[in-house]
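# Summary of structural features
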Amino acid sequence: MSSSEPQDPAAASESQISKKAAKKEAAKQDKLRRRQEIAAAASATANLSVDEADPLAGNYGDVPLVDLQSKTPVDVAEWTRVEALGGALENCSVLIRGRAQAIRPVGKKMAFLVIRENGFTVQCLVQAQPDTVSPQMVKFAAALSRESIVDVEGVVSVPAAPIKGATQQVEIQVRKLYCVSRAVPTLPINLEDAARSEIEIEKALQAGEQLVRVNQDTRLNFRVLDVRTPANQGIFRIQSHVANAFRQFLLSEGFCEIHTPKLIAGSSEGGAAVFRLDYKGQPACLAQSPQLHKQMSICGDFGRVFEIGPVFRAEDSYTHRHLCEFTGLDVEMEIKKHYFEVMDIVDRLFVAMFDSLNQNCKKDLDAVGSQYPFEPLKYLRNTLRLTYEEGIQMLKDVGVEIEPFGDLNTEAERKLGQLVLEKYGTEFYILHRYPLAVRPFYTMPCYDNPAYSNSFDVFIRGEEIISGAQRVHVPEFLEQRAAACGIEVKTISTYIDSFRYGAPPHGGFGVGLERVVMLFCGLNNIRKTSLFPRDPLRIAP
C-alpha cells in the first residue's frame, strides 16, 4: 500500500499493539534463553566430585592482580596471534590470548572454548588427561563467563573435518588455561544477537520463530560490546583504511598534513549550524570545519595542505541524523588557472581509495556484507562530471521541478543519483557550478555569470559526501561576501588579513569520513560508522 493512501485507524492500532507484543515476547525469550545457558553450564559442572587438592592446579586459574601489575617483563613473541594459527603449526605448542566467545561443556571431562582475537576465532579443546589436564581444570573452563580474557597454552592439531564455528581451521589441545580478566556472567547485550542480520530475523519470523533484534540505541548504550561484532570490526577497520588511503595519496601528491584549532572566535561557514560558547567572557564557537585555517596555511606558503580531524555542527544536513560531531577529511591547495584542478585531485584520490578498499579490505567488506548486505559500489575510471544546470535538467526531464538558483534537497539528490546510475552506469560523480546563493561566503563566483560559483559537490549512491570550491582570495571582496552572508567581519579579521599579504588563487574541499564509509558499504544510518557518536540526545558513552 502506498504511503499516501489512508489507513484504517483500528488496523494501525492493532499493528502497533502486535509489534509491542512481539518485542515483549522476544525480550522474554531472550531472558529465558540466557537463564537456560547459565543453567546448562552449571549443570555440566555442578556434579563434578573431585578432590579440592589438585596436583595440576598450577596449569589453570585466575591470574592474580599482582601478576598483572607489570611484575615480570616477558618477550611478547611468546604469544601467537589467532590470525596466524594454521596447518603449518601442526603439533607445535602455542600461547594465545583472546576472549572466550563461546563455552560448551561436554560432560565432566571435556569442554570446548572458542577464543576470539581481533575478529579471528579458534576452537580449543579442554579434555581431562593424566599429568596435564585435570577434571578441575575442565570445570574451571566450563565456568568461565563469555567475553572473559584468557591465556591458552596448548598444541595445534588439524581436525579431519572442517571447523564451522571458527575462522581458523585448526584446533588447540589445551594444556594450560588462565583467566586474565573475567566478564560479568550476564552481558547486557548478547553478541550473537547483535551480529544477527535483518534477513535472518525475518526468515525466523516467517518460520514462526522470534529472534532478538538489538536496536540502534541499545547498541550505542553498550557500544563497547556492540563493536565486537564481525560487522562492526569490519566497519571501523574499513574506516581506518579510508583515512590512511586519504593520507598516503595526498602525501604522495606533495600535500602537507596540518592540525588546526577547533575553538575559534567566529563561525567558519555561517548559518545556524554552530556550537556557540563563552570563552572567558569572549564569544567563541567550535569549528564547523578547518576552512579558515586551511586557507591561512595556503597564505603561509605551504601550497598544498590537508587535515584529518573532528568538526562540529549543531544540525548537519550531510548526515540526515543530526549528528553534531564527525571526522573531517579536508584539503586545500593552490590552483594555477581553474578550479577543475581541485576536482582532478578528488577524481584520482577517490578512485585510488575505492580500488584500495576493494583490493585490501575484502575480509572486512565481507564481514559487513554478512550482516548488512550491499552491492559493490559502481564507479568509473574517469569520474563523471556534470554541471548543476545539467543535473537539474535531468530531473526536469522526469518531472522533478527544481528552483534554478536553489539547492537540491535530499530527495532530489537521491533521484538524480538514480538517473545518473541508469544513464552513465556510475554511483560516484561530481556536480559542479552550483548557484552562488547556496554556497559559503568564501566561494568564488563564476567569471561569466555571478549567479553561479566555481564550486562542486561529490556524490556516492545519490548522497553528498564532498563540498568544495575555489575560494575568494581578494580581501576586499571577501569582506563584502562575509557581510552579505550575515557574518560579522570583525570576528574573522585575522583570517581576512591573511590575504592582504599576498595570497595565491586556491581551492579545496571537505569530506565526511563516516559518511564515505556509510555510503561505500551501503549502510542506512551514519551512527553505524561513528565509533562513539554525539548527537543532540547523546553525549555518552
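Since this is a predicted model, take the numbers as computed values, not measurements.

A few words on the pairing of strand β9 (residues 276–279). Bridge count for β9 against strand β10 (residues 282–286) is 4 bridges, and the pairing is antiparallel. Its bridge partner lying in β10, tyrosine 279 is registered against glutamine 282. Linking two consecutive strands that pair antiparallel, namely β9 and β10, is a turn of 2 residues; a positive phi of about 55° is found at lysine 280 within it.

A few words now on the packing of helix α7 (residues 230–252) against helix α10 (residues 362–371). At a minimum axis separation of 8 Å, α7 and α10 run at an interaxial angle of 135°. It follows from the interaxial angle that α7 and α10 lie oblique. The chirality of how α7 crosses α10 is left-handed. Here Pro230, Ala231, Gly234, Ile235, Arg237 and Ile238 of α7 come into contact with α10, specifically with Asp364, Leu365, Ala367, Val368 and Gln371. Its residues placed into classes, the contact of α7 with α10 shows 7 nonpolar, 2 polar and 2 charged.

This part is about the sheet that holds strand β8 (residues 263–264). Here we have 3 strands laid out as an open sheet, ordered β8-β10-β9, and antiparallel in their pairing. Pairing within the sheet leaves two strands with one partner each, and these edge strands are β8 and β9. Here β8 runs beside β10; their pairing, made up of 2 bridges, is antiparallel. Of the residues in β10, the one forming a bridge with isoleucine 264 is cysteine 285.

What follows covers the pattern of salt bridges. With the rule as written, the count across this model stands at 32 salt bridges. Put simply, glutamate 307 and lysine 262 hold a salt bridge, and the shortest N to O gap is 3.1 Å. Here glutamate 307 is found in strand β11 (residues 304–312), whereas its partner lysine 262 is found in the loop between β7 (256–257) and β8, with 45 residues between them in sequence. Across the pair, exposure class does not vary: glutamate 307 and lysine 262 are buried alike. The salt bridge partner of arginine 461 is glutamate 427, with a shortest N-O separation of 3.4 Å. Placement of arginine 461 in the loop between β15 (455–460) and β16 (463–470) and of glutamate 427 in the loop between α12 (410–424) and β14 (428–432) is noted, with a sequence separation of 34 residues between them. Taken together, the salt bridges that share partners define one network made up of Lys294, Asp330, Glu332 and Arg471.

To continue, consider the nonpolar core. Membership of the largest hydrophobic core comes to 53 residues, with the highest contact counts inside it found for Phe350, Phe456 and Phe509. Among all residues touching phenylalanine 350, those that are not within four sequence positions of it are Phe428, Ile465, Ile466, Val511 and Val516. Among the nonpolar cores identified, the runner-up in size contains 28 residues, and Leu113, Val126, Val152 and Cys179 belong to it.

Okay, the confidence of the model for the protein chain next. Parts of the prediction with low pLDDT should not have their coordinates interpreted in detail. Per-residue confidence for the protein chain gives a mean pLDDT of 90; residues scoring 70 or more make up 87%. Confidence drops under pLDDT 50 across residues 1–13; counting only partners more than four residues distant or on other chains, this segment forms 3 contacts. Per-residue pLDDT stays below 50 along residues 316–322; that stretch engages in 17 contacts with residues further than four places along the chain or on separate chains.

This paragraph deals with the environment of lysine 362. Tracing the chain through its elements places lysine 362 in helix α10. Lysine 362 sits 128 residues away from glycine 234 along the chain, and the two C-alpha atoms are 9.5 Å apart.

Analysis parameters
Residues numbered from 1 in each chain as written. Predicted model: local features only at pLDDT ≥ 70, side-chain atom pairs only at ≥ 80, totals over all residues. Heavy atoms only, no water. Pairing = 2+ DSSP bridges. Helix = DSSP H or I, 4+ residues; strand = E, 2+ residues; numbered from the N terminus. Axes fitted to C-alpha atoms, helices over the stretch in contact; angles between N-to-C directions. Parallel < 35°, antiparallel > 145°, perpendicular 65-115°, else oblique. Left-handed = near helix turned anticlockwise from the far one by under 90°. Contact = heavy atoms within 4.5 Å. Nonpolar A, V, L, I, M, F, W, Y, C, P; charged D, E, K, R; others polar. Salt bridge = Lys/Arg side-chain N within 4 Å of Asp/Glu carboxyl O. Buried < 20%, exposed > 50% of the residue type's maximum accessible area, 1.4 Å probe, protein only. Core = buried A, V, L, I, M, F, W, Y, C linked by side-chain atoms within 4.5 Å. pLDDT = per-residue confidence, 0-100.

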